[in-house]
Amino acid sequence: MSTFIKHQESYSRGELLLRTFFGTIYIIIPHFFLLFFVSIGAMVLSFLAFWVVLFTGKYPRGWWDFMVNLFKWTLRINARMWNLADGYPAFGLNGTDNNTNFAMQYPEKLSQGLLIVRVLFGGLYVGIPHGLCLFFLFIAATFVNFLSFWIILFTGNLPKGLHDFQTGVLRWSLRVSAYLYFLTDTYPPFSLEEDGPTNQPLDQGLNS
């Protein structure tokens, strides 16, 4: 699984100010209006996928691609609102982006036993430990985002360490979501680091 946000050599101060003061109006509202309905579809697919995986051990490829593309869409938005990437995030499940990518391996076979364990006890062994870690990480990321705003405003650059930390928080969150949505049997590691290839084409997932 790979979550990539390009670290730019320089960042636009104009876009930074525009996102900060008007991002809710021209990014959050239109995107989340559409994502509200798409997320309803994702919940329905996840419910149906549970039964399909339970009886067949396979996640229908089209449904799986839908979920992965939804993750890509949310990553595009978060990268902008966290000031990690310039440019307007593309709309839609098939939107492309030169600055971000989320990619993962399609599982040919999923464990029915692990599926049931996830449904019954996922809140205990995934939600609680990862949720607790992410709670504090998102607090730290909020502070880092505030700090990054001023650094970009005055220098036009974002230190790579700050960029990598924020990217790592988003990466961790997406790994947990992918596991809980039955997209993979791999338990999400407690890490900000990349755990997959980073040289995939930015508009494609890992298909093999």
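Above this text you will find the structure in question.
A short tour of the structure in this document, coming up. This structure is a prediction, so every number in the text was calculated from the model and none was measured.

What counts and what doesn't
Residues numbered from 1 in each chain as written. Predicted model: local features only at pLDDT ≥ 70, side-chain atom pairs only at ≥ 80, totals over all residues. Heavy atoms only, no water. Helix = DSSP H or I, 4+ residues; strand = E, 2+ residues; numbered from the N terminus. Rg over C-alpha atoms; globule rule 2.2 N^0.38 Å. Contact = heavy atoms within 4.5 Å. Lys, Arg positive; Asp, Glu negative; His and termini not counted. Charge placed at Lys NZ, Arg CZ, Asp CG, Glu CD. Expected span 1.5 Å × (residues − 1). Bend = angle between axes of the 7 residues up to and from the residue. Polar contact = N/O pair within 3.5 Å; in protein donor to acceptor, adjacent residues only side chain to side chain. Salt bridge = Lys/Arg side-chain N within 4 Å of Asp/Glu carboxyl O. Buried < 20%, exposed > 50% of the residue type's maximum accessible area, 1.4 Å probe, protein only. Phe/Tyr/Trp six-rings, centres within 6.5 Å; stacked < 30°, edge-to-face > 60°.

### Some points on the overall build of the chain
Along its length, the chain carries 4 helices and 2 strands. Beginning at the N terminus, the succession of helices and strands in the chain can be written as β-α-α-β-α-α. Over its C-alpha atoms the chain spans a radius of gyration of 17 Å, differing by no more than 12% from the 17 Å that the globule rule assigns to 208 residues. Across its three principal directions, the C-alpha atoms of the chain cover 55 × 30 × 30 Å. Relative to all contacts within the chain whose residues are 6 or more apart in sequence, the contacts with residues 24 or more apart total 77%. Side chains of the chain carry 13 positive and 12 negative charges; the gap between the two charge centres is 3 Å.

### Topic: helix 1 (residues 13–56)
Spacing of three or four residues puts side chains on the same side of an α-helix, whose turn is 3.6 residues. Counted at 1.5 Å a residue, the expected span for helix 1 with its 44 residues is 64 Å, but the 52 Å between its end C-alpha atoms falls short. Approximately 90° is the largest bend angle found in helix 1, and it occurs at Phe 22. Two to three positions downstream of the cap, the backbone nitrogen of Gly 14 sits 3.4 Å from a side-chain oxygen, assigning the N-cap of helix 1 to Ser 12. Count one or two residues on from helix 1 and you reach Gly 57, which has phi positive near 80°.

### Description of the pattern of salt bridges
The final tally for this structure, using the stated rule, is 8 salt bridges. One salt bridge connects Asp 86 with Arg 19, and the closest N-O pair in it is separated by 3.3 Å. On the criterion of sequence distance, the pair formed by Asp 86 in the loop between helix 2 (61–81) and strand 2 (100–103) and Arg 19 in helix 1 is long-range, its members being 67 residues apart. Classification of Asp 86 as buried rests on a relative accessible area of 9%. In this structure, Asp 65 engages Arg 61 in a salt bridge whose closest nitrogen and oxygen atoms are separated by 3.0 Å. Within this pair, Asp 65 and its partner Arg 61 are both found in helix 2, separated by 4 residues, close to a single helical turn. Residues participating in the shared-partner salt-bridge network are Glu 15, Arg 19 and Asp 86.

### Re the packing of aromatic side chains
A ring pair, where both rings are aromatic, is described by two values, the distance of the centres and the angle of the planes. Inspection of the entire model under this criterion finds 21 aromatic pairs. Each ring, one from Phe 146 and one from Trp 150, has its centre 6.3 Å from the other, and the planes form 75°; the classification is edge-to-face. You can see Phe 146 and its partner Trp 150 sitting in helix 3 (residues 112–155), 4 residues apart, about one turn around the helix. With relative accessibility at 53%, the residue Phe 146 sits in the exposed group. Arranged with centres 5.9 Å apart and planes meeting at 90°, the rings of Trp 172 and Phe 190 form a pair that is edge-to-face. Of this pair, Trp 172 sits in helix 4 (residues 160–180) while Phe 190 sits in the segment after helix 4; the two residues are 18 residues apart in sequence, bridging distant segments of the chain. When its relative accessible area of 44% is taken as the criterion, Phe 190 is described as partly exposed. Taken together, the ring pairs in this structure connect Phe 47, Phe 50, Trp 51, Phe 55 and Phe 182 into an aromatic cluster.

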